[in-house]
Amino acid sequence: MKSSNQGLVRWMFLLTFLVGAASFGVIALLVSIFERKQEARTPFVKIVEVSEVSTDPEPWGLNFPLQYETYLKTVDTERTEYGGSDALPPSKLEKQPWLKRLYAGYAFSLDYREARGHAYMLSDQKATKRVTEVQQAGACLHCHASIVPTYRRIGLEEQGVEVTEAKLADSFNQEAVMAGFKAVSQRNFEDVYAELLKTPDGVVEASEGDPHMGGAHPVSCIDCHNPDTMQIRVTRPGFIEGIAKLAASDDPVPHLPSIAKWRESGKERPYDPNLDASRQEMRSFVCGQCHVEYYCANKMTLTFPWSNGLKVEDLEKEWAETEFPDGGGEFYDYVHKETGTKVFKAQHPEFELWSQGIHARAGVSCSDCHMPYEKEGATKFSTHWVRSPMLNINRACQTCHNVPEAELKARVDIIQNRTTAHMERAAVAMTDMLDAIIEAQKNGATEEQLKPIREMQRKAMWRLDYISSENSKGFHADQEAVRILGESIDYSRQAQAAAYKIGNTKKAAEKE
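Quick look at the structure, then. Source: prediction; values computed, not measured.

**Quick word on the pattern of salt bridges**
- Counted under the stated rule, the structure contains 32 salt bridges.
- Note that Glu 195 is salt-bridged to Arg 153, the shortest N-O span being 2.7 Å. In this pair, Glu 195 is assigned in helix H12 (residues 189–198) and Arg 153 in helix H9 (residues 148–158), connecting sequence segments 42 residues apart.
- Note that Lys 342 is salt-bridged to Glu 330, the shortest N-O span being 3.9 Å. Taken together, the positions of Lys 342 in strand S6 (residues 342–343) and Glu 330 in strand S4 (residues 329–330) put the pair 12 residues apart, joining distant regions of the chain.

In structure tokens form, the structure reads like this:
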């Protein structure tokens, strides 16, 4: 009997222990869930105040350590086959010698390298031979620097307002930003860079004499976020004007439904992305502020050519119909040194080419692939380590594509290799065309005879440049990229044949 009672006590003790352990586990789980929910409800703690002059990203990092930590990784040195970052960016001119002939007479023929991470975008711009050996316009700082507070300061000065740091930090003041943008667009690089250094950068507890009282920074937090609400926003005047022109056009842009909604509303005011666009659209617009085609030299204000649409021929049409102000004549970017033809120079039209692709049509934003979401504890955030999706396939691609990484990479390799092969064919056609035009000029071709040939040369070079300057190597819209390169080849061969015809006509006349 005694043994039976002892056994019962042991079982009761064991049961009590198990119930207690289970209760402790459940309570710990509930506490953990509660803490994670609280963590998710409070994604950040405001430690310091940031304002409309806070171009220095470090204070923002105190409030948003996860985003700042990933932003700092844009100094990485890992490369993909067709892009990424590198300790010393390789020269495109050495890898693709035909680029020297494409850009003959233009600064890009002196120095043209692969892009590095965003952290380097200002320092690399200052160091390139395109700036150190050739006088460049300050308009290029529209994208290479966190420049909007400087635009605001200069705009306020133009309006006769006494400018203090408090006044600059008070609000975005789009009217003043636009005025400052127009005031400096045609000034030279050194002058505008000096203006950057004069503008307060919002550094925490800066003392008199501290170099951070005013400074120049590459693109940072303030360029894409409202410092009061952290809402995504666009700040670049060139984009704000360009997207308003696009909305006012007849281009369908099915990948931008907010524009269709604005058009249906009656167009009582210009389209404003900060008021009209959806958050998902804004996750592309913030990138489209800079990864686009635009004019940024000093003969006129920096311009996005979106009046007719976003296709390559739409942009070309606007440039062809543009004249420089004050009687400056027809628009062109540079005079080709070998042939004397006035030609267009494409910048880096990622936003435009993406707009013609399947991802844009499916509602996939730039940030979905280049800044995909990550989780740290219970906090979900968009990584600010902006880089090639091929370096982050799991988060960037497999969220939508449920296939192995190797297969996804192979698909991208096929697209990029095919585009590169077509680009090389277009480059051969372009160099053959240049040789034929030079020969025709030696044979005494008149300007009347050369006029249609020059037009074809411009079209051929513009299309080749458009795809070679676009940084996805065709991935953003593979069929569109091949179409454009096919047209480049066609125009080059037509111009080549027309130039040969001039030579043959002369030889026939000499025989007679």
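**Comments concerning the side chain of Ser 258**
- The residue Ser 258 is located in helix H14 (residues 257–264) in this model.
- Ser 258 gets classed as buried once you look at its relative accessible area, which sits at 8%.
- Not counting chain neighbours up to four residues away, the residues in contact with Ser 258 comprise Tyr 271, Asp 276, Ala 277, Ser 278 and Glu 281.

**Observations regarding the pairing of strand S7 (residues 373–376)**
- Examined bridge by bridge, S7 and strand S8 (residues 379–382) share four bridges and lie antiparallel to one another. Opposite Glu 374, over in S8, you have Phe 381 as the bridge partner.
- Where S7 folds back on S8, the antiparallel hairpin that results is connected by two residues, among which Gly 377 adopts a positive phi of roughly 65°.

**Side note on H9**
- Counting buried residues in H9 gives nine out of 11 residues, a clear majority hidden from the surface.
- Val 148, Pro 149, Thr 150, Tyr 151, Arg 152, Arg 153, Ile 154, Gly 155 and Leu 156 are the residues of H9 that are buried.
- Lining the buried residues of H9 we find helix H8 (141–144), helix H10 (165–170), helix H11 (174–184), H12 and helix H13 (237–248).
- In the segment just after H9, Gly 160 is the residue with positive phi, at about 80°.

**Re the packing of aromatic side chains**
- Throughout the structure, instances matching the rule amount to 25 aromatic pairs.
- Taking the centre distance of 6.0 Å and the plane angle of 90° together, the rings of Phe 344 and Trp 462 count as edge-to-face. With Phe 344 in the loop between S6 and helix H18 (350–354) and Trp 462 in helix H23 (residues 447–469), this residue pair connects regions lying 118 residues apart in the sequence. The exposure classification of Phe 344 matches that of Trp 462, with both residues buried.
- An aromatic cluster of at least three residues, connected via ring pairs, comprises Tyr 295, Trp 319, Phe 324, Phe 331, Tyr 332, Phe 344, Trp 462 and Tyr 466.
- Sitting over the ring of Phe 108, Arg 130 keeps its end group 4.1 Å from the ring centre.
- In this structure, Lys 345 packs its charged tip against the face of Phe 108, placed 4.7 Å from the ring centre.

**What about empty space enclosed by the protein?**
- Under the definition given, this model contains two cavities of 30 Å³ or more.
- Considered as a void within the structure, the largest cavity measures approximately 40 Å³ in volume.
- Approximately 30 Å³ is the volume found for the second largest cavity.
- Looking at the lining of the second largest cavity residue by residue, the classes come out as three nonpolar, one polar and two charged.

**Comments concerning unusual backbone geometry**
- Backbone geometry places Lys 267, a non-glycine residue, at a positive phi of 55°.
- In this structure, Lys 267 sits in the loop between H14 and helix H15 (273–276).
- Judged by its relative accessible area of 40%, Lys 267 falls in the partly exposed class.
- The backbone of Lys 473 sits at a positive phi, close to 50°, despite the residue not being glycine.
- As for its position among the elements, Lys 473 is in the loop between H23 and helix H24 (478–511).
- For Lys 473, a relative accessible area of 8% puts it in the buried group.

**A word on the layout of surface pockets**
- The volume enclosed by the second largest pocket comes to roughly 240 Å³.
- Around the second largest pocket sit 14 residues that line it, and Ile 232, Arg 233, Asn 274, Leu 275 and Met 282 are the ones nearest its centre.
- Of all the secondary-structure elements, those providing two or more residues to the lining of the second largest pocket are H15 and helix H16 (279–288).
- In terms of residue count, the dominant contributor to the lining of the second largest pocket is H15 (three residues).
- Residue composition of the lining of the second largest pocket, by class: seven nonpolar, four polar and three charged.

**With respect to the nonpolar core**
- In terms of nonpolar packing, the biggest core is built from 98 residues, with Leu 141, Phe 285, Trp 306 and Leu 464 touching the most fellow members.
- Not counting residues within four places of it along the chain, the set of residues in contact with Trp 306 comprises Phe 239, Gly 242, Ile 243, Lys 245, Leu 246, Gly 288, Val 292, Leu 315, Glu 318, Phe 351 and Glu 352.

**Topic: the side chain of Ser 492**
- Following the sequence through the fold, Ser 492 ends up in helix H24.
- Discounting chain neighbours no more than four positions away, the residues touching Ser 492 are Ala 429, Met 430, Met 433 and Ala 460.

Rules of the game
- Residues numbered from 1 in each chain as written.
- Predicted model: local features only at pLDDT ≥ 70, side-chain atom pairs only at ≥ 80, totals over all residues.
- Heavy atoms only, no water.
- Salt bridge = Lys/Arg side-chain N within 4 Å of Asp/Glu carboxyl O.
- Helix = DSSP H or I, 4+ residues; strand = E, 2+ residues; numbered from the N terminus.
- Buried < 20%, exposed > 50% of the residue type's maximum accessible area, 1.4 Å probe, protein only.
- Contact = heavy atoms within 4.5 Å.
- Pairing = 2+ DSSP bridges.
- Phe/Tyr/Trp six-rings, centres within 6.5 Å; stacked < 30°, edge-to-face > 60°.
- Lys NZ or Arg CZ within 6 Å of the ring centre and 35° of its normal.
- 1 Å grid on protein atoms, 1.4 Å probe; cavity = no way out; pocket = protein on both sides within 12 Å on 5 of 7 lines; lining within 4 Å.
- Points joined across faces, edges and corners; volume = space filled by probe spheres on them.
- Nonpolar A, V, L, I, M, F, W, Y, C, P; charged D, E, K, R; others polar.
- Core = buried A, V, L, I, M, F, W, Y, C linked by side-chain atoms within 4.5 Å.

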